[in-house]
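Descriptive structure summary
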Amino acid sequence: MGKTLFEKIWDRHIVKTIDSGLSVLYIDKHFIHEVTSPQAFSGLKQRGINVFRPKQIVATADHNVPTIHQELPIKEELSRLQVEALKKNCAEFGIELYGLGHPYQGIVHVIGPELGITQPGMTIVCGDSHTSTHGAFGAIAFGIGTSEVEMVMATQCLLQSKPKLMRINVEGPLNKGVVSKDIILYIISKISASGATGYFVEYAGSAIRNLSMEARMTICNMSIEMGARGGMIAPDETTFNYIKGRLFAPKDKAWDKKISYWSTLYSDTGAKFDKEIHINAADIGPMITYGTNPGMGISVTGHVPTLNEIAAKEKPSFEKSLQYMGLEPGINIKGQKVDYVFIGSCTNSRIEDLRMVASFVKGKKKANNVEVWVVPGSKQVEKQAIEEGIHKVFEEAGFNLRQPGCSACLGMNEDKIPAGKYCISTSNRNFEGRQGQNARTMLASPLTAAAAAITGEVTDVRELI
Amino acid sequence: MSKSINNIKSTAVPVNIENVDTDQIIPARFLKATTREGFGQNLFRDWRFNSNGQPKNDFILNNPTYHGKILVAAKNFGCGSSREHAAWAIKDYGFDVVVSSFFADIFRNNALNNFLLPVTVSESFLQKLFDAIKKNPGTEIEVNLEKQTIALLPSGEQEKFDINNYKKTCLLNGYDDIDYLLNIKNEIEKFETSIN
Ligand code: SF4
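Computed from a predicted model, the values in this text were never measured in an experiment. (Residues numbered from 1 in each chain as written. Chains lettered and ligands numbered in written order. Predicted model: local features only at pLDDT ≥ 70, side-chain atom pairs only at ≥ 80, totals over all residues. Heavy atoms only, no water.)

Right, let's get into the site of the ligand. Residue and element names in this part refer to chain A. In the vicinity of the ligand, the residues found are His 63, Ile 107, His 109, Asp 128, His 130, Ser 345, Cys 346, Cys 406, Cys 409, Leu 410, Asn 428 and Arg 434. Tallied by class, the residues present in the shell around the ligand amount to 5 nonpolar, 5 polar and 2 charged. Split by domain, the shell around the ligand shows at least three residues from each of two domains, domain 1 (8-160) and domain 3 (308-463). (Near = heavy atom within 4 Å. Nonpolar A, V, L, I, M, F, W, Y, C, P; charged D, E, K, R; others polar. Domains from an automatic or database assignment.)

So, about the environment of Lys 366 of chain A. All names here are of chain A. Inspection of the secondary structure puts Lys 366 in the loop between helix H12 (351-361) and strand S16 (371-374). A residue is classified by how much of its surface remains accessible, and Lys 366, at 23% relative accessible area, is partly exposed. A polar contact of 2.7 Å, which involves the side chain of Lys 366, links it to the backbone oxygen of Val 370. (Helix = DSSP H or I, 4+ residues; strand = E, 2+ residues; numbered from the N terminus. Buried < 20%, exposed > 50% of the residue type's maximum accessible area, 1.4 Å probe, protein only. Polar contact = N/O pair within 3.5 Å; in protein donor to acceptor, adjacent residues only side chain to side chain.)

Within the element layout of this structure, Arg 216 of chain A appears in helix H8 (residues 213-221). Here Asp 236 of chain A takes part through its side chain, which lies 2.9 Å from a polar atom of the side chain of Arg 216 of chain A.

On to the domain arrangement of chain A, then. All names here are of chain A. Along its sequence, chain A is organised into domain 1 (8-160), domain 2 (164-283) and domain 3 (308-463). On a C-alpha basis, the centres of domain 2 and domain 3 stand 24 Å from each other. Counting from both sides, the interface comprises 15 residues of domain 2 and, opposite them, 19 residues of domain 3. Interface of domain 2 and domain 3: buried area, both sides summed, is about 1300 Å²; carbon and sulfur atoms make up 53% of it. In terms of surface lost to domain 3, no three residues of domain 2 exceed Lys 181, Glu 214 and Asn 221, which account for 36% of the buried area on that side. (Contact = heavy atoms within 4.5 Å. Buried area = accessible area lost by both parts, 1.4 Å probe.)

Counted under the stated rule, the structure contains 0 disulfides over all chains. Residue Cys 157 of chain A stays outside any disulfide, its sulfur separated by 16 Å from that of Cys 170 of chain B, the closest cysteine. The exposure class assigned to Cys 157 of chain A is buried, which follows from its relative accessible area of 0%. Accessibility expressed as a relative area gives 6% for Cys 170 of chain B, which makes it buried. (Disulfide = S-S within 2.5 Å.)

Moving on, we get to the pairing of strand S10 (residues 199-204) of chain A. Residues and elements named next belong to chain A. With respect to burial, S10 is a largely interior element, 6 of its 6 residues being buried. Note: strand S9 (residues 164-171) against S10, 6 bridges, orientation parallel. Each residue of the ladder has a partner; that of Arg 167, found in S10, is Glu 202. In terms of handedness, the path from S9 via helix H6 (residues 180-191) over to S10 forms a crossover that is right-handed. As judged from the 3 bridges shared by S10 and strand S11 (residues 230-232), these two strands associate in the parallel manner. Bridge pairing links Glu 202 to Met 232 in S11. (Pairing = 2+ DSSP bridges. Right-handed = clockwise from strand over helix to strand, strands pointing away.)

Now for the sheet that holds strand S18 (residues 422-425) of chain A. All names here are of chain A. Taken together, the 5 strands give an open sheet; going across it, the order is S17-S16-S15-S18-S19, and neighbouring strands pair in parallel fashion. The strands lining the two open edges of the sheet, one partner per strand, are strand S17 (400-401) and strand S19 (440-443). Relative to S16, strand S15 (residues 340-343) runs parallel, the two being bridged by 4 bridges. Bridge assignment links Ile 343 to a residue of S16, and that residue is Val 374. Strand contacts of helix H11 (residues 315-325): S18 and S19, with the helix running at about 105° to S19, the strand carrying the most contacts. (Axes fitted to C-alpha atoms, helices over the stretch in contact; angles between N-to-C directions.)

Bringing the pattern of salt bridges into the picture now. Inspection of every chain in the model, using the stated rule, returns 32 salt bridges over all chains. The closest approach of N and O atoms between Lys 379 of chain A and Glu 382 of chain A, which form a salt bridge, is 2.9 Å. Taken together, the positions of Lys 379 of chain A and Glu 382 of chain A, both in helix H13 (residues 379-387) and 3 residues apart, correspond to about one turn of that helix. Taken individually, Lys 379 of chain A and Glu 382 of chain A each receive the classification buried, so the pair is uniform in this respect. A salt bridge links Arg 434 of chain A to Asp 23 of chain B; its shortest N-O distance comes to 2.9 Å. Here the residue Arg 434 of chain A occupies a position in the loop between S18 and S19, and Asp 23 of chain B occupies one in helix H1 (residues 22-25), the pair thus bridging two chains. Assessed through its relative accessible area of 5%, Arg 434 of chain A is described here as buried. Overall, Asp 23 of chain B belongs to the buried group, its relative accessible area being 4%. Taken together, the shared-partner salt bridges in this structure form one network comprising Arg 47 and Glu 150 of chain A together with Arg 36, Glu 84, Asp 176 and Asp 179 of chain B. (Salt bridge = Lys/Arg side-chain N within 4 Å of Asp/Glu carboxyl O.)

Here we take up the side chain of Thr 118 of chain A. Residues and elements named next belong to chain A. Along the polypeptide, Thr 118 turns up in the loop between helix H4 (108-114) and strand S6 (123-126). On the basis of relative accessibility, which here comes to 1%, the residue Thr 118 falls in the buried class. Separated by 2.8 Å, the side chains of Thr 118 and His 134 make a polar contact.

What follows concerns the confidence of the model for chain B. Of all residues in chain B, 99% attain a pLDDT of 70 or more, and the chain-wide mean is 94. Both scores are given for the predicted complex: the pTM is 0.96, the ipTM 0.93. (pLDDT = per-residue confidence, 0-100.)

With that out of the way, let us pick up unusual backbone geometry. All names here are of chain B. Of note, the amide linkage connecting Leu 153 to Pro 154 takes the cis form, showing an omega dihedral of 0°. Considering the arrangement of structural elements, one finds Pro 154 in the loop between strand S6 (149-152) and strand S7 (157-160). Although it is not a glycine, Asn 19 sits at a positive phi angle of roughly 55°. Examined against the element boundaries, Asn 19 turns out to sit in the loop between strand S1 (7-15) and H1.

Have a look at this one:
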């Protein structure tokens, strides 16, 4: 019987299997950041033990950092203390830190791939649910809690049970104005915010294979938004070409050896999945969310469901959600006014995202009623955007290009959406209060977000291209 | 943090809202601490308090009628962010057990690692719990980890729940995964040489 991509990697990383199916899983790479690591470091200190394999850990500061004047000390005291704690801990335990001011600093899920640290066949963890992003390279990558961060620091291993496996096949060419963010928002709207809980997902099919590496990362990134532990895509030429030449990519002979291994990483014909879903790319239009979980997505030309379209059991949470959003059931989402546009986060802050937005807004101006923040995912993305003149395009359009970090994705720094305001966001979560207390988030692709920035309302980007 | 769990008999607090994400359990702005303590005071912060810090009377945690060591929650509890702070906040507030028909994966692991017992029950049993508590907020629930049962008192109507055997032993005895993994470090080192 054939093996799945997941099983090929999983089996290779099992140190041993213990009671009732729990396995000791070896972890190749461990990313850490300032918010979920301090208690893990204190745990080690309390136990009086060291980090087992410091060279397999990479740290950055991203969640809490300001996105203007990063050269100045962080004003907010608790944020500053957390970032300082990371610095101290990394120095003490011998961990490489790409902290504030470092040319490689950025959102943890942006820098791993761009530095060539993320590679096919690896097991990768981070105290952050969007670690699933790295699965785009054909790696088993998933988010963990702080106790698990401590376990990996102490032993480079985790105790895990093997998840169920799901394959989602997306076939056919994409419609005009549709990008990878729309694919994943569409999938989540179909299977719901909990539809993949307990599963690890492999994305396959021609629509996925035709995506660039960065577009694939957007898809895997949001696997967690349907409850999946992680998402992955089999590596191919696109993957290899992306990795080649990056800072930590294997070189020369080592590269050839890796390529021959990486080329074996795909699901064999006949490999068994616990669940398989087929999606026709032709059915997908530009998407937007109207509610407070990522499963509440519709096409920009669609309407918010009417009460009749909602199952009786779901009605209370549906109504609570619309009340929070200040939207009526049944209304068309197009034309809904927008106050803020946030282009950023580990979902959509890479250079391709910025290029996509820049080529659309070139020569256009933002609407007067909107404030637009573009937050690059990393120092390297920022640098490249400036080299390519993208910053000029944004400046002329009235967009505010800021410095790298998680920013308004979770509003842990000053970048918060004010109460009651609507924000079209390229991030991944529209939970209540996610972008600020009582902020109203609508998730969309960078293109749809950019279109709203120009018109000041929810817009079908296809009418503008 | 109290280590080890066995039998818990208590009244319960029902939070009958589906898809409760960890941003609701503990909003990001409270994640700036570098220790594990004190998160309980901000549990469900924005549902419990207005922006001026006044308690919201319509939220169940502010209703003195409901209290206890058991949180009864609706489907897909703990989805979203991996923040373990969510489990810390629930435990720190005083809960030892969370009951739901469906937990998000990372949350369940985080709970187990903090001696907060996640009990998955059927949709119908969950409904029974909600109904019983609504009818009589003094209803007691008994959760027996050793026997893997959850029972509605006084009728004793019960359901069995699943838990991994290893995890159960850990919870009963107050061990954690790190203790286990540190003990097999030699095997891990051997494994490393075998893959390189
Ligand atoms: S950008 Fe948002 S989702 Fe991504 S790691 Fe940062 S906070 Fe998490």
